[in-house]
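Chain residues, written in single-letter form:
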Amino acid sequence: RGNAAFSQFVRAAAIGDGWLYAAVQTGGVYAFSLTSGEIRRLEGLPVATGAEVEAMAFLPPDSLYVAVEGSTLVRLDTAMGAVETLAASARVEPTSPWEGRGPFAVRGLWADEANARVIALTYIRPQDAHDRGGVWAIGRDGSFTHLLRC
């Protein structure tokens with residue numbers, strides 16, 4: 001029972017650098033200190049509520065990756081508070097392979113600390129799936145590498 005209530009309250013979570021980052025269903029994305037008990041609401045992310053977050057991953061030392069419904073992937077520098085949009089389907093001039101051809105959804109994000117990258121599982125409309133769907137590596141430098149097409 002407790003787990004069901006937690007999963008209805010927290011949409012996505014990631015742990016890193018002594019913090020639990022959680023997308024809270026009705027309140028945005030928060031950082032919960034695992035040592036001091038401090039709680040902070042993260043500002044600058046393109047979300048009104050945590051319900052819009054599809055997935056999150058923390059890549060040390062200070063990068064929180066957040067996939068947002070509506071086809072957006074951002075990286076938050078947790079030390080500086082700066083937010084960088086890595087991919088957004090609404091962009092007029094594409095800067096990543098996920099952009100410029102309709103919506104995408106990120107079904108999962110996982111930190112691959114040993115290789116300084118985040119692994120993303122994407123879903124794209126079936127007619128576009130061979131080009132953009134599958135498993136991707138997103139480098140710390142913002143580069144995208146298609147690892148597995150599906």
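About the criteria used
- Residues numbered from 1 in each chain as written.
- Predicted model: local features only at pLDDT ≥ 70, side-chain atom pairs only at ≥ 80, totals over all residues.
- Heavy atoms only, no water.
- Pairing = 2+ DSSP bridges.
- Helix = DSSP H or I, 4+ residues; strand = E, 2+ residues; numbered from the N terminus.
- Axes fitted to C-alpha atoms, helices over the stretch in contact; angles between N-to-C directions.
- pLDDT = per-residue confidence, 0-100.

Taken in spatial order, the four strands of this open sheet run β5-β6-β7-β8, and their pairing is antiparallel. The strands lining the two open edges of the sheet, one partner per strand, are β5 (53–59) and β8 (83–88). The sheet shows a mean angle of 20 degrees between the axes of neighbouring strands, direction not considered. Strand direction decides the pairing type here: strand β6 (residues 63–68) and strand β7 (residues 72–77), joined by six bridges, are antiparallel. Opposite tyrosine 65, over in β7, you have arginine 75 as the bridge partner.

Per-residue pLDDT for the protein averages 87, and the proportion of residues at 70 or more is 90%. Element-level mean pLDDT values for the protein span from 57 in helix α1 (residues 2–9) up to 96 in β5.

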